[in-house]
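Architecture and fold: a report
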Amino acid sequence: MPEFQKIAVIGLGYIGLPTAALIASRGMQVLGVDAKEDVVRTVAAGTIHISEPDLDGLVSKVVSSGALTTASKPQPADVFMIAVPTPIDASSRPDLSMVYAAVDSFVEVLAPGNLVILESTSPIGTTEGVAVRIAKMRPDLHVDGVGWENGNGKDKGAISVAYCPERVLPGRILTELINNDRCIGGVTPASTRRAQRFYKSFVRGACVATTARAAELVKLTENAFRDANIAFANELSLICDRFDINVWEVIDLANRHPRVNVLRPGPGVGGHCIAVDPWFIIDSAPDLARLMRTSRDVNNDKTRKVIEKAEALIDDHPYASVACCGLTFKANIDDLRESPAMEVAHALAAKYGARIKIVEPNLRRPPPELAEFGVEFMTIDEALHCCEIAILLVDHDEFKMIPLAERRHLDVIDTRGVWQDMPVRT
Ligand code: SAJ
């Protein structure tokens, strides 16, 4: 009999839902669990509540075949996979309440031999904390790695606990879920091996074994590394600005060096990962994580600098209409989470009201927090027609296609280097 037949995925968000659908398509029986009733209903109907290429077809298929069902509470299963958000609170400290709530939701239905996997981005030590929490709440069970009498895989009935971070890029989630390498860290080597066997049943990439604590730090390292590299690019853009040098040209030329790869400056760093995850390291080692802390500050500060620069330009042209081009946190998606473009548009809308026009080809209507300032939502063609200033905030394909002749009349702040063929302010 296969070792893993019934899988419960707790959290049907950007990671949980694609993972649940993928596992269901590999012949396992999956129960998708979410605390939000509307999410449970949407998925149960074979539809999706997030936008991700090819996900709608896959979910519809596995729901209609019966391989994926949904519920608001977990039921007994062989594997419990936790994929819930781990945000930061108002003081930039990790908020793990949803992880603990997920554990508490299935702890009563855990049975000997079950495998518990945490996929949510988590501070070092969280997976061990999950194992200890389960052991405390279910003293009748053996939890691998907790207590001297357990561990090392000797007890076949032990609960295994492991960490395996997701690393997929929004927009490429299904492809990357299958093909990316995974790092898998159990609270003991035996737990690692069990989790490895599970992932190998649906992942084509390598499933590399490590410890739970190392796996937690690997995930945080990836995003903190990217944050620091973007901070370098953002800092460079400010230096170039001061000396009136084109930063895009500098980066292009520097990157011709075989060992240099400067990333692209922007209006700041957005999304639910890169702007958040470094805090998980900074919070646990504030005295050591100096570069990571500075990188966060540099990237946040870049957004404020863009706002100041836009205000100066708009104040110089008191009768001009201003197009804010793009609101999402990166190109060609509809996701506004932690978006620096949104922060810039919000500050300008609050100050200049109806003079601000919003162009966002990936949304059907302006977000309510902008609409309240009386800003107009329009297409790029309308904005080219009626605006004298453009603040380019996201490098959407629709903007890249506008030829110089159609935007020559505009005064531009190009935060993404899309319209480089005209005088550029970054
Ligand atoms: N950005 C720049 N300049 C760049 C690259 C990105 O300003 O050169 C900005 C983007 O505009 C955006 C932010 O950074 O605002 C983040 O975008 P991203 O494409 O770098 O990353 P995410 O947040 O979509 O996904 C990241 C990925 N992590 C890494 O590339 C190390 C992804 O693989 C992770 O799975 C994901 O975080 C996650 O869930 O943690």
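No experiment lies behind these values; they were computed from the predicted model shown.

1. Side note on the packing of helix α11 (residues 290-316) against helix α12 (residues 340-352)
With their axes 10 Å apart at the nearest point, α11 and α12 run at an angle of 35° to one another. Our pair here, α11 against α12, has a crossing hand that is right-handed. Residues Thr303, Val306, Ile307, Ala310, Glu311, Ile314 and Asp315 of α11 form the contact with α12, whose participating residues are Pro340, Glu343, Val344, Ala347, Leu348, Lys351 and Tyr352. Residue classes in the contact of α11 with α12 are distributed as 9 nonpolar, 1 polar and 4 charged.

2. Focus: the site of the ligand
Among the 19 residues in the neighbourhood of the ligand, the closest are listed as Val168, Lys219, Arg226, Arg264 and Phe329. Between Arg167 and the ligand, the recorded distance is 2.9 Å, taken from a backbone N or O atom to an oxygen atom. Val168 places a main-chain nitrogen or oxygen 2.6 Å from an oxygen atom of the ligand. For the ligand, whose free accessible area comes to 770 Å², the fraction covered by protein is 88%. Class assignment of the residues belonging to the shell around the ligand gives a composition of 9 nonpolar, 2 polar and 8 charged. Looking at the shell around the ligand, you find at least three residues from each of domain 1 (6-213) and domain 2 (247-274 + 301-414).

3. Points about the pattern of salt bridges
Throughout the structure, instances matching the rule amount to 21 salt bridges. In this structure, Asp283 engages Arg93 in a salt bridge whose closest nitrogen and oxygen atoms are separated by 2.7 Å. With Asp283 in helix α10 (residues 278-284) and Arg93 in the loop between β4 (79-82) and α4 (97-106), this residue pair connects regions lying 190 residues apart in the sequence. The closest approach of N and O atoms between Asp227 and Arg296, which form a salt bridge, is 2.8 Å. One end of the pair, Asp227, is in helix α8 (residues 212-242); the other, Arg296, is in helix α11, and 69 residues separate them in sequence. Across the pair, Arg296 and Asp227 agree in class, each one buried.

4. So, the state of the cysteines
As used in these notes, a disulfide is a covalent bond between sulfur atoms, one from each of two cysteines. Going through the model one piece at a time under the given rule, you end up with 0 disulfides. Free cysteine: Cys183, not disulfide-bonded; nearest cysteine sulfur from Cys164 at 6.4 Å.

5. Some details on a nonpolar patch on the surface
Together, Ile239, Phe243 and Ile245 give the surface a local cluster of nonpolar side chains, amounting to about 310 Å² of exposed area. By secondary structure assignment, the location of Phe243 is in the loop between α8 and α9 (247-254). The exposed category is assigned to Phe243, whose relative accessible area is 57%.

6. A look at the domain arrangement of the chain
Structurally, the chain comprises domain 1 (6-213) and domain 2 (247-274 + 301-414). Centre-to-centre separation of domain 1 and domain 2, based on C-alpha positions: 37 Å. With 4 residues of domain 1 at the interface, the matching set in domain 2 holds 5 residues. Note on domain 1 versus domain 2: buried area summed over both sides is about 420 Å², and carbon and sulfur give 52% of it. Our enumeration of links across domain 1 and domain 2 arrives at 0 salt bridges. Counting across the interface, domain 1 meets domain 2 through 0 residue pairs in polar contact (both at pLDDT 80 or more). Residues belonging to the side of domain 1 that touches domain 2 are distributed by class as follows: 3 nonpolar, 1 polar and no charged.

7. A short note on unusual backbone geometry
With the exception of glycine, the majority of residues adopt a negative phi angle, and the majority of peptide bonds are in the trans configuration. Here the phi dihedral of Asp54 falls at roughly 70°; this positive angle occurs in a residue that is not glycine. Tracing the backbone through its elements, the reader meets Asp54 in the loop between α2 (37-44) and α3 (55-64). Of note in this structure, Asn332 is not a glycine but carries a positive phi near 60°. Since its relative accessible area comes to 37%, Asn332 is described here as partly exposed.

8. Quick look at helix α5 (residues 126-137)
With 12 residues, α5 extends 16 Å from end C-alpha to end C-alpha; this agrees with the ideal 16 Å at 1.5 Å per step. Here α5 has its buried residues at Thr126, Thr127, Val130, Ala131 and Ile134. Relative to the axis of α5, the buried residues are bounded by an arc of 150° and lie together on one face. The inward-facing, buried residues of α5 abut α4, β5 (115-118), β6 (160-163) and α8.

9. Considerations on the nonpolar core
Membership of the largest hydrophobic core comes to 41 residues, with the highest contact counts inside it found for Ile7, Ile23, Val30, Leu68, Phe198, Tyr199 and Phe202. Listed by contribution, the elements that provide at least two residues to this core are β1 (6-10), α1 (16-24), α2, α3, β4, β5, α6 (173-179) and α7 (189-200). Ranked by the residues each element gives to this core, the list is headed by α1, at 6 residues. When sequence neighbours within four positions are dropped, the list of residues in contact with Ile7 reads Ile23, Met28, Gln29, Val30, Leu31, Ala77, Val79 and Phe198. In this structure, Leu31, Val33, Val103 and Leu141 belong to the second largest nonpolar core, which totals 27 residues.

10. Some thoughts on α12
The end-to-end C-alpha distance of α12 is 18 Å, a good match for the 18 Å that 13 residues give at a rise of 1.5 Å each. Residues of α12 that are buried include every one of Pro340, Ala341, Met342, Val344, Ala345, Leu348, Ala349 and Tyr352, and no others. Two to three positions downstream of the cap, the backbone nitrogen of Ala341 sits 3.3 Å from a side-chain oxygen, assigning the N-cap of α12 to Ser339.

Cut-off values and rules
- Residues numbered from 1 in each chain as written.
- Predicted model: local features only at pLDDT ≥ 70, side-chain atom pairs only at ≥ 80, totals over all residues.
- Heavy atoms only, no water.
- Axes fitted to C-alpha atoms, helices over the stretch in contact; angles between N-to-C directions.
- Helix = DSSP H or I, 4+ residues; strand = E, 2+ residues; numbered from the N terminus.
- Left-handed = near helix turned anticlockwise from the far one by under 90°.
- Contact = heavy atoms within 4.5 Å.
- Nonpolar A, V, L, I, M, F, W, Y, C, P; charged D, E, K, R; others polar.
- Near = heavy atom within 4 Å.
- Polar contact = N/O pair within 3.5 Å; in protein donor to acceptor, adjacent residues only side chain to side chain.
- Areas by Shrake-Rupley, 256 points an atom, 1.4 Å probe, with all protein chains shown as cover.
- Domains from an automatic or database assignment.
- Salt bridge = Lys/Arg side-chain N within 4 Å of Asp/Glu carboxyl O.
- Buried < 20%, exposed > 50% of the residue type's maximum accessible area, 1.4 Å probe, protein only.
- Disulfide = S-S within 2.5 Å.
- Patch = residues over 30% accessible without salt bridge, like charges linked within 9 Å, V, L, I, M, F, W, Y side chains within 5 Å.
- Buried area = accessible area lost by both parts, 1.4 Å probe.
- Expected span 1.5 Å × (residues − 1).
- Arc of directions from axis to C-beta.
- Core = buried A, V, L, I, M, F, W, Y, C linked by side-chain atoms within 4.5 Å.

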